[in-house]
Amino acid sequence: MRWGLRPRGPGAAALAAAWNLWVPPRFPCRPRWRGTTGSLLVRSVTGASNQPQNSSNGSYRDTVLLPQTSFPMKLLGRQQPDTELEIQQILKDIANRYHMMRGSKIHFVPGWDCHGLPIEMKVLSELGGKAQNLSAMEIREKARSFAKAANEKQKLAFIRWGIMADWNNCYYTFDGRYEARQLKIFYQMYDKGLIYRSYKPVFWSPSSRTALAEAELEYNPEHVSRSVYVKFPLLKPSPKLASLLGVDLENGTCAHPLISERESPLLPANHVTMMKGTGLVHTAPAHGMEDYSVASQHNLSTDCLVNEDGVFTDAAGPELQNKAVLKEGTDAVIMMLQAAKNLLKEEKLVHSYPYDWRTKKPVVIRASKQWFVNITDIKTTAKV
């Protein structure tokens, strides 16, 4: 594990480097220190950083001007067909018909977004264990069939409601012509240097096996993480150690808490404060945004030891491989620290933690190659 200054994570992904990816404690200013020999006390939390806190608790809800309606969220039993018959008499495509009656030419082309993770997850859940024996192309074909069936069902409902539209020329995002236009636009953006691929930490959902944007996260304020305090035996004291200022620990080294032949350098990090914990925390470059930044500044390795399923890879070593980082992987790391006599304290921490909004399961932060859009050169134009 790389060692830094603040609870990093998420989950045991923060401990993902526990076997052979540790570097230094990072520190802000004044760690407690006595004498010229000893150990640094580093706190590690199996949780995520960069999480917004729910400070408003709905206090701004009443300030948002939203329409008020008595329309029910859900209809049960006979309510559904009865309500539909009533709606058919008054609610059609009011806006289009209004403008048509005022002399405008109206051409409404309906369309369906047929791609996305929700469709894939629905298909996989229906397939169950059979999905393991299907290729990616076979799963995509089944997702396409599912989407087509859903589209046709919705289309018939709209026609039954009397919606005025060009029902013979609907568009679908899985249509070859539509996809060709998307690829053309993507290439144009790539040709202008707006598209790039980068290896960096992202929010990753093991339950969905995909990267998530921050907008796709839900924060569970009652999530319980494992917090540990770890001892790092000091190998090389800093020349300025006598002054006791945290930044003066730079250029010192500590012994790796699990790998006896490995040294962990001490690195300063501006994002660390003395407000929480010990002022020293581990750094996991492949499993935290700030960690990755510090590692890049000091040319540290950013290898990722966690695969797409949230499981330790073989490179993590025989004691950790094939263990889920959010479950038995955490237990294994803590047991290893205990065996090495470098675990000082373990406690449970209740805090806000990011979850996948679709599966309602916790995510991790792991480095992987992802496609990004560079908006630096177009931001000004986009604002206009």
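Everything quoted here is computed from the prediction, not taken from an experiment. (Residues numbered from 1 in each chain as written. Predicted model: local features only at pLDDT ≥ 70, side-chain atom pairs only at ≥ 80, totals over all residues. Heavy atoms only, no water.)

## A word on the sheet that holds strand β6 (residues 210-212)
Reasoning step 1: In space, the 3 strands of this open sheet follow the order β6-β5-β12, with antiparallel pairing throughout. The two strands at the open ends of the sheet, each matched to only one other strand, are β6 and β12 (364-373). Taking each pair of neighbouring strands and ignoring which way they run, the sheet shows an average axis angle of 60°.
Reasoning step 2: As judged from the 10 bridges shared by strand β5 (residues 195-205) and β12, these two strands associate in the antiparallel manner. Pairing of Tyr 196 across the sheet is with Phe 372, part of β12. (Pairing = 2+ DSSP bridges. Helix = DSSP H or I, 4+ residues; strand = E, 2+ residues; numbered from the N terminus. Axes fitted to C-alpha atoms, helices over the stretch in contact; angles between N-to-C directions.)

## Let's talk about the confidence of the model for the protein chain
Reasoning step 1: In this model, the protein chain carries a mean pLDDT of 80, and residues with pLDDT of at least 70 account for 81%.
Reasoning step 2: When the elements of the protein chain are averaged for pLDDT, strand β1 (residues 26-27) gives the smallest value, 46, and strand β3 (residues 111-112) the largest, 94.
Reasoning step 3: Contacts of residues 1-37 to residues separated by more than four positions or lying in other chains number 213 contacts, the stretch itself having pLDDT below 50. (pLDDT = per-residue confidence, 0-100. Contact = heavy atoms within 4.5 Å.)

## Things to note about the nonpolar core
Reasoning step 1: Residues Phe 312, Leu 320 and Leu 337 are the most contacted members of the largest nonpolar core, which totals 27 residues.
Reasoning step 2: Elements supplying a minimum of two residues to this core: β5, β7 (217-236), α7 (328-339) and β12.
Reasoning step 3: Per-element tally for this core: the top contributor is α7, with 5 residues. (Core = buried A, V, L, I, M, F, W, Y, C linked by side-chain atoms within 4.5 Å. Buried < 20%, exposed > 50% of the residue type's maximum accessible area, 1.4 Å probe, protein only.)

## Description of a nonpolar patch on the surface
Reasoning step 1: Together, Phe 186, Tyr 187, Tyr 190 and Trp 371 make up a nonpolar patch on the protein surface, roughly 490 Å² of accessible area in all.
Reasoning step 2: Considering every element that reaches the nonpolar patch, the biggest residue donor is helix α5 (residues 176-191), with 3 residues.
Reasoning step 3: One can find Phe 186 in helix α5.
Reasoning step 4: The exposure class assigned to Phe 186 is partly exposed, which follows from its relative accessible area of 39%. (Patch = residues over 30% accessible without salt bridge, like charges linked within 9 Å, V, L, I, M, F, W, Y side chains within 5 Å. Areas by Shrake-Rupley, 256 points an atom, 1.4 Å probe, with all protein chains shown as cover. Salt bridge = Lys/Arg side-chain N within 4 Å of Asp/Glu carboxyl O.)

## Some words on the side chain of Ser 198
Reasoning step 1: Counting through the fold element by element, Ser 198 comes out in strand β5.
Reasoning step 2: Judged by relative accessible area, Ser 198 falls into the buried class, the value being 19%.
Reasoning step 3: Residue contacts for Ser 198: discarding those within four places in its chain leaves Ser 368, Lys 369, Gln 370 and Phe 372.

## Concerning the pattern of salt bridges
Reasoning step 1: Considering all chains together, one arrives at 9 salt bridges under this definition.
Reasoning step 2: Between Lys 360 and Glu 218 there is a salt bridge; the shortest N-O distance is 2.9 Å. One end of the pair, Lys 360, is in the loop between β11 (343-356) and β12; the other, Glu 218, is in strand β7, and 142 residues separate them in sequence.
Reasoning step 3: The exposure class of Glu 218 is partly exposed, given its relative accessible area of 35%.
Reasoning step 4: Across the pair Lys 345 and Glu 347 runs a salt bridge, and its minimum N-O distance is 3.5 Å.
Reasoning step 5: Overall, Lys 345 belongs to the partly exposed group, its relative accessible area being 43%.
Reasoning step 6: The class of Glu 347 is partly exposed, set by a relative accessible area of 27%.
Reasoning step 7: Taken together, the salt bridges that share partners define one network made up of Arg 209, Glu 308 and Asp 309.

## Here's the deal with helix α4 (residues 136-160)
Because an α-helix completes one turn every 3.6 residues, residues spaced three or four positions apart along the sequence face the same direction.
Reasoning step 1: Counted at 1.5 Å a residue, the expected span for α4 with its 25 residues is 36 Å, and the 36 Å between its end C-alpha atoms agrees.
Reasoning step 2: For α4, the set of buried residues is Ile 139, Ala 143, Ala 147, Asn 151, Lys 155 and Ala 157.
Reasoning step 3: Contact partners of the buried residues in α4: β3, α3 (117-127) and β4 (171-172).
Reasoning step 4: In the segment just after α4, Gly 162 is the residue with positive phi, at about 85°. (Expected span 1.5 Å × (residues − 1).)

## Section: unusual backbone geometry
Reasoning step 1: Located in the positive-phi region is Arg 209, a residue other than glycine, with phi close to 55°.
Reasoning step 2: Mapping Arg 209 onto the fold places it in the loop between β5 and β6.
Reasoning step 3: Despite not being glycine, Lys 360 has its phi angle at roughly 60°, a positive value.

## Some words on the packing of α3 against α4
Reasoning step 1: Running from amino to carboxyl end, α3 crosses α4 at an angle of 105°, the nearest separation of the two axes being 9 Å. As judged from the angle between their axes, α3 and α4 are roughly perpendicular. Between α3 and α4, the contacting residues are Ile 119, Lys 122, Val 123, Leu 124, Glu 126 and Leu 127 on the first element and Ile 139, Lys 142, Ala 143, Phe 146 and Ala 147 on the second.
Reasoning step 2: Taken together, the residues of the contact of α3 with α4 sort by class into 8 nonpolar, no polar and 3 charged. (Parallel < 35°, antiparallel > 145°, perpendicular 65-115°, else oblique. Nonpolar A, V, L, I, M, F, W, Y, C, P; charged D, E, K, R; others polar.)

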